[in-house]
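Structural overview for review
Given next are the chains, with one letter for each unit.
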Amino acid sequence: MILAFKQKMMSIAGKYEIYDEEGQIAYKIQGRVRVPKKYDIYNTQGEKIAYLKSKYFDILPQFRLFINEQEVGRVKRKFSFFSQKFQIDCNDWRVEGDVIGYNYSIVDANNSLVATLERKLWQLTDQYVIDIVDPKDALLVLMIVLAIDAEGEGH
């Protein structure tokens, strides 16, 4: 399953649309700038199905991930001098690759690919493409990518 968005997702608060491989809207994101930061995810019928909420009272920032009001995982920024690193506390997944350059993979404990994120130049703008191996993981992968984007930019 392919999901795509243009430009950086969390550069400012507002509404964002995530598209599927046919160019149809798959999800809508509503971000709010406040402490803690929160990003609501809606399905195509306008129903809130998930959200990410920042937690800034730890040494390093993190996002808690919720689906249907149940916490399903966390994305934590790890301490690093020369690169951005993240810990995913969800499904025994981890991030590999160039997070800063938006070319990375999410893999499971068996080193099997869960998803990739790639930045592509498309019609004079950047497009970010998430390629998800199993469509049932789409919402959770999207949430992890959003959290990494928001924390990676220091928002």
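Anything mentioned here points back to the structure above.
I will try to describe carefully the structure that is included in this document. What you see is a predicted model, and the numbers here were worked out from it, not measured in a lab.

Considerations on the packing of aromatic side chains
The final tally for this structure, using the stated rule, is three aromatic pairs. Ring centres of Phe5 and Tyr128 lie 5.3 Å apart, and the angle between their planes is 20°; on these two criteria the pair is classed as stacked. Here Tyr128 lies in strand S12 (residues 125-132) and Phe5 lies in strand S1 (residues 2-6), a separation of 123 residues in the sequence. One exposure class covers both Phe5 and Tyr128, and it is buried. Consider the rings of Tyr39 and Phe63, whose centres lie 5.9 Å apart with planes at 40°: the pair is tilted.

Details of the nonpolar core
The tendency in soluble globular proteins is for nonpolar side chains to be buried side by side. Formed by 41 residues in total, the largest nonpolar core has its most connected members in Leu3, Tyr27, Ile41, Leu52, Ile130, Val141 and Ile144. In terms of residues, this core owes the most to one element, helix H1 (residues 138-152), which gives twelve residues. Excluding anything up to four places from it in sequence, Ile144 contacts Leu65, Val75, Ile88, Trp93 and Ile106.

As for the environment of Asp98
Inspection of the secondary structure puts Asp98 in strand S9 (residues 94-98). Sequence-wise, Asp98 and Glu118 are 20 residues apart; in three dimensions their C-alpha atoms are separated by 9.7 Å. For Asp98, the contacting residues outside a window of four places in its chain are Asn103 and Tyr104.

Quick notes on the environment of Val141
When you line up the elements, Val141 lands in helix H1. Val141 gets classed as buried once you look at its relative accessible area, which sits at 0%. Through-space distance from the C-alpha of Val141 to that of Leu3 is 10.0 Å; in sequence the pair is 138 residues apart. In contact with Val141, other than residues within four places in its own chain, are Trp93, Ile106, Val114, Ala115, Ile130 and Ile132.

The rules we used
Residues numbered from 1 in each chain as written. Predicted model: local features only at pLDDT ≥ 70, side-chain atom pairs only at ≥ 80, totals over all residues. Heavy atoms only, no water. Phe/Tyr/Trp six-rings, centres within 6.5 Å; stacked < 30°, edge-to-face > 60°. Helix = DSSP H or I, 4+ residues; strand = E, 2+ residues; numbered from the N terminus. Buried < 20%, exposed > 50% of the residue type's maximum accessible area, 1.4 Å probe, protein only. Core = buried A, V, L, I, M, F, W, Y, C linked by side-chain atoms within 4.5 Å. Contact = heavy atoms within 4.5 Å.

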